[in-house]
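# An overview of the molecular structure
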Amino acid sequence: MKHKMSQYRNILLYAAGLLIVCLSLIPYFVLGEDVWVFFHDQLDGEVLNYIYQAKYLFQSSHIPELMNGIPGTGMLPPAPFGVFFYAVCSPFAAYVWMQTLVTFTAYTGMFLLLCRITKDGRIAFLCGCLFAYLPFMPVYGLSIVGLPLLIYAFWNLYRNQKRILSVALIIFYAGFSSFALIGYGVCAIAAVAVIFLFISAAGNGKKPAEKGSVLSGMAALYGTYLCCNASLFGEILLSGTKGGEVFRSHREEIVQTAVTDYGNELHRLLFGDAVYAPAFAEWILALTVLLAVLCLASKKKELLRIPLLLLGGMFGVAFLALFWKSPLCMASIRQFGPLRYFQADRISWMLPPAWYVLLGMDFRIICSLKNGFGEKKERRKRIAAAVAAYGSILLFCGFCTGIIYKNSFFYHQIRQMVFPDTYKIMTWNQFYAGDIMEKIEAYIKDKTGNEKAEYRVASLGMSPAPALYHGFYCLDGYSNNYSLSYKHAFRRIIAKELAGDEGIRRYFDEWGNRCYIMSAESGTAPMISKYQASVYEDLQLDTQAFSELGGKYLFSAMEIKNCKDMGFVLEDVFETPSSYYKVYLYRLEKEAP
């Protein structure tokens, strides 16, 4: 009877938590495409990868709209199964579906895992809600937020429970996560865990065959990653050949810089990258240390064993990631092939879920310390202990809620809703500038009769993402794997500008994922609004190189004063009252012979 009551209570708590995390989705449905969305690496990169993989799904491994044609491996989305949403929905609707999936999975996985660990649905409810509101970017799918659900699934298989459901959850995680960003670490840790499991089983006189359920989970994990990343693995195994020719990636010229400030870097790795893997976990560590002192003082060391093991493992992961960026590693291991640009330090992306699992364990310790005032104690003391324990948990949750809320996507979006006239921030619509891009397309077609596939464009002072989003064929773009020869050909266009500014030269030459037209006058800034726009006084572009790549039009966020000196003619200026940009449309008058 008591067990059934506990189950009913957990179901109610889970449902209440779902309602709470659903609140974070309301702005997407109220504001629609006028909602604020964190654009860095999302709207200017990964969303476009999903769109074009969906457009050419089952058709071609070649994407002609970007950089005069780019292999499919140059626009791989982080969550392969997410392409399905973009194939059947509009891009914004697909993005919202991904956000919904990420939010629900974050809460559900943390709730289920902490219910299993702490045996207390209230703790699972609190930590699950906090975790679900962390500002994880939905374009990365379940790479980070799905880890608690993955651990829960493997735990079921270890106990030989819910085998079909657990294998399905593992396939679900692998299909909606990135092998290149975090999957390699998941596979490695899973393999080590299975080896340890078999050694332990052998030591206890058990047959390894009894662990067949875990092996089925491993097969599902590895098999899904292999199927979803077949083109990537094929490129690696074939030594970068494309169609019988050697394909040299621009990544060969990436220059990795060794870390020098070990303290700051360790802090970033341990407590979460504020952009990709936010955790805001410094206070969780402080709480753990305080509870460790209290446990030692009250002679309850047994409560610390698992939390301290978890914390030690987290520090181990952070130090491993730090070693990968150290001068020693740079000078030795990372001199060989793809290891030069392989970002193994992203294994630290596993730590945000671990912090909130640790928080659940901390809350369990607080409840256990409260139980030290047992039945033999006075009733008043028991009540006081309960009030102190639960009050401290709620107070800590309230404190964490404030920190997470101020750093969440929901914070900006709710202010958009409440203060629409005064809280101005770039929206999905404003970033992609649909109103302006449609006018430019219509203008060019009316004047020349040309379709978008018949000319090439590039952008200056603004990301090429709006043009690519609306189907223009772009010379510039954002890709982590394109041809080195194309990078060199594109570099000729901006060679004089790079020579005039060491910052943008290093940005392009030593990294180059953003193959953009840059200027010494505006730096690497790709987001110049119409309110801050000035004038390019002395822009130096090689229009011969621009023309040789097929360039015909330049979308500029600022007026180019010396456009005629380079052979450009100003066709028209496009803006709307609500637009973020003012776009100057320049046409190259003289084309390459």
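The structure presented is a predicted model; accordingly, all values stated were derived computationally and were not measured.

Cut-offs applied
- Residues numbered from 1 in each chain as written.
- Predicted model: local features only at pLDDT ≥ 70, side-chain atom pairs only at ≥ 80, totals over all residues.
- Heavy atoms only, no water.
- 1 Å grid on protein atoms, 1.4 Å probe; cavity = no way out; pocket = protein on both sides within 12 Å on 5 of 7 lines; lining within 4 Å.
- Points joined across faces, edges and corners; volume = space filled by probe spheres on them.
- Helix = DSSP H or I, 4+ residues; strand = E, 2+ residues; numbered from the N terminus.
- Nonpolar A, V, L, I, M, F, W, Y, C, P; charged D, E, K, R; others polar.
- Buried < 20%, exposed > 50% of the residue type's maximum accessible area, 1.4 Å probe, protein only.
- Pairing = 2+ DSSP bridges.
- Axes fitted to C-alpha atoms, helices over the stretch in contact; angles between N-to-C directions.
- Core = buried A, V, L, I, M, F, W, Y, C linked by side-chain atoms within 4.5 Å.
- Contact = heavy atoms within 4.5 Å.
- Disulfide = S-S within 2.5 Å.
- Phe/Tyr/Trp six-rings, centres within 6.5 Å; stacked < 30°, edge-to-face > 60°.
- Lys NZ or Arg CZ within 6 Å of the ring centre and 35° of its normal.

### Concerning empty space enclosed by the protein
One pass over the structure, following the stated rule, counts 4 cavities of 30 Å³ or more. Counted as a void, the largest cavity has a volume near 150 Å³. Every element with two or more residues in the lining of the largest cavity is listed here: α5 (91-118), α6 (121-132) and α18 (409-418). No other element matches the 4 residues that α5 contributes to the lining of the largest cavity. Across the lining of the largest cavity, the residue classes break down as 13 nonpolar, 5 polar and no charged.

### Side note on unusual backbone geometry
Although it is not a glycine, D41 adopts a positive phi angle of roughly 65°. Relative to the helices and strands, D41 is located in the loop between α2 (26-31) and α3 (42-55). Look at K119: it is not a glycine, yet its phi comes out positive at around 60°. For K119, the position within the fold is in the loop between α5 and α6. Judged by its relative accessible area of 60%, K119 falls in the exposed class.

### Comments concerning the sheet that holds strand β9 (residues 551-556)
Strand pairs in the sheet, formed through backbone hydrogen bonds, run parallel or antiparallel to each other. Pairing in this open sheet of 4 strands is mixed, and the strands run β5-β9-β12-β11 from one edge to the other. Looking at which strands have only one partner, the edges of the open sheet turn out to be β5 (456-460) and β11 (568-574). Ignoring which end each strand starts from, the neighbouring axes of this sheet average 25° apart. Inspection of the sheet shows β11 paired to strand β12 (residues 583-588) by 6 bridges, in the antiparallel sense. Across the sheet, F574 pairs through a bridge with V583, a residue of β12.

### Some thoughts on the nonpolar core
Formed by 192 residues in total, the largest nonpolar core has its most connected members in W355 and F555. By residue number, the principal contributor to this core is α5, which donates 14 residues. Once residues within four sequence positions are removed from consideration, W355 is found in contact with L270, F271, A279, A281, I284, L285, L311 and M314.

### Focus on the side chain of S213
Topologically, S213 is positioned in helix α10 (residues 212-228). Look at S213 and you get buried, because its relative accessible area is 5%. Once residues lying within four places of it in the same chain are set aside, the contact partners of S213 are L157, N160 and R163.

### Some remarks on the layout of surface pockets
Volume-wise, the second largest pocket comes out at about 1600 Å³. Lining the second largest pocket are 32 residues, and of these I151, W155, I189, A193 and L310 sit closest to its centre. The set of elements that each furnish at least two residues to the lining of the second largest pocket consists of α5, α7 (147-158), α9 (179-203), α10, α14 (305-324) and α16 (351-370). Considering every element that reaches the lining of the second largest pocket, the biggest residue donor is α9, with 9 residues. Tallied by class, residues from the lining of the second largest pocket come to 29 nonpolar, 2 polar and 1 charged.

### Overview of the state of the cysteines
For the coordinates displayed, the defined rule picks out 0 disulfides. No disulfide involves C515; its sulfur sits 11 Å from the nearest other cysteine sulfur, which is in C474.

### As for the packing of aromatic side chains
Across all of its chains, the model carries 42 aromatic pairs by this definition. Ring centres of W428 and Y432 lie 5.2 Å apart, and the angle between their planes is 70°; on these two criteria the pair is classed as edge-to-face. Here W428 pairs with Y432, and both are found in helix α19 (residues 428-432), just 4 residues apart, close to one helical turn. For the pair shown, W428 and Y432 are each scored as buried. Pairwise contacts between aromatic rings join Y28, F39, F92, Y95, W428, F431, Y432 and Y469 into one cluster. Over the aromatic face of W155 sits the side chain of R116, whose NZ or CZ is 5.4 Å from the ring centroid. For K452, the ring lying beneath its charged end belongs to F472, and the centroid distance is 5.6 Å.

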